[in-house]
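Listed below are the residues making up each chain.
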Amino acid sequence: MYSFFLYLMSGLYVFAGVMHFLKPKMYLRIIPPYIPNPKLMNLLAGAFEILFGLGLLFSETRAYAAFGIIILLIAVFPANLYMYQKGARGIPKWALLLRLPLQFGLIAWAYLYT
């Protein structure tokens with residue numbers, strides 16, 4: 001089971017990272033206005049998600065990648081909060097609210113691989 005969830009986590013972060021490049025508008029809409037250079041921040045977030053997702057696959061880099069994911073999840077929390085406050089087309093407000101504590105679950109999941 002350990003390996004299954006490790007590969008699942010890796011795949012989710014690589015997929016999410018690639019989506020930053022393929023569907024940037026989706027991510028740019030949720031970047032709070034006080035964040036400088038949203039296009040660059042979106043690309044950096046995507047690149048780091050790919051890097052950390054791939055880093056989970058190798059025992060030599062797994063702990064670094066997991067810590068990187070934890071830092072990234074903390075860094076993007078304001079975007080999730082902003083998305084809840086602003087609302088998102090097609091996503092119910094209650095689902096956006098439930099997404100906020102989900103970040104803590106994702107942090108705990110990443111911590112298992114440190």
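Caption draft 1: Broad picture of the packing of helix 1 (residues 2-22) against helix 4 (residues 62-86). Contact geometry for helix 1 and helix 4: axes closest at 13 Å, N-to-C directions at 50°. Our classification of the angle between helix 1 and helix 4 gives oblique. Between helix 1 and helix 4 the crossing geometry is left-handed. Residues Tyr2, Leu6, Met9 and Tyr13 of helix 1 lie in contact with helix 4, whose contacting residues are Arg62, Ile69 and Leu73. For the contact of helix 1 with helix 4, the residue count by class is six nonpolar, no polar and one charged.

Caption draft 2: Quick peek at the packing of helix 1 against helix 3 (residues 38-55). Close contact between helix 1 and helix 3 brings their axes to 7 Å; oriented N to C, the two are set at 155°. Between helix 1 and helix 3, the interaxial angle falls into the category roughly antiparallel. For the pair helix 1 and helix 3, the crossing hand works out as left-handed. Here Ser10, Tyr13, Val14, Ala16, Gly17, Val18, His20 and Phe21 of helix 1 lie close against helix 3, whose contacting residues are Asn42, Leu43, Ala45, Gly46, Ala47, Glu49, Ile50, Gly53 and Leu54. Class assignment for the residues of the contact of helix 1 with helix 3 results in 10 nonpolar, six polar and one charged.

Caption draft 3: Region of the structure containing the packing of aromatic side chains. Following the criterion strictly, the structure yields four aromatic pairs and no others. On the numbers, 5.5 Å between centres and 25° between planes, the contact of phenylalanine 48 with phenylalanine 52 is stacked. On the criterion of helical spacing, the pair formed by phenylalanine 48 and phenylalanine 52 is a turn pair, its members being four residues apart in helix 3. Considering the side-chain rings of phenylalanine 77 and phenylalanine 104, the 6.1 Å spacing of their centres and the 45° angle between planes classify their relative orientation as tilted. Here phenylalanine 77 is found in helix 4, whereas its partner phenylalanine 104 is found in helix 5 (residues 93-111), with 27 residues between them in sequence.

Caption draft 4: Structural view of a positive patch on the surface. On the surface, a cluster of positive charge is contributed by Lys25, Arg29, Lys86 and Arg89. On the secondary structure map, arginine 89 appears in the loop between helix 4 and helix 5. Take arginine 89: its relative accessible area is 74%, and that puts it in the exposed class.

Parameters at a glance
- Residues numbered from 1 in each chain as written.
- Predicted model: local features only at pLDDT ≥ 70, side-chain atom pairs only at ≥ 80, totals over all residues.
- Heavy atoms only, no water.
- Axes fitted to C-alpha atoms, helices over the stretch in contact; angles between N-to-C directions.
- Helix = DSSP H or I, 4+ residues; strand = E, 2+ residues; numbered from the N terminus.
- Parallel < 35°, antiparallel > 145°, perpendicular 65-115°, else oblique.
- Left-handed = near helix turned anticlockwise from the far one by under 90°.
- Contact = heavy atoms within 4.5 Å.
- Nonpolar A, V, L, I, M, F, W, Y, C, P; charged D, E, K, R; others polar.
- Phe/Tyr/Trp six-rings, centres within 6.5 Å; stacked < 30°, edge-to-face > 60°.
- Patch = residues over 30% accessible without salt bridge, like charges linked within 9 Å, V, L, I, M, F, W, Y side chains within 5 Å.
- Areas by Shrake-Rupley, 256 points an atom, 1.4 Å probe, with all protein chains shown as cover.
- Salt bridge = Lys/Arg side-chain N within 4 Å of Asp/Glu carboxyl O.
- Lys, Arg positive; Asp, Glu negative; His and termini not counted.
- Charge placed at Lys NZ, Arg CZ, Asp CG, Glu CD.
- Buried < 20%, exposed > 50% of the residue type's maximum accessible area, 1.4 Å probe, protein only.

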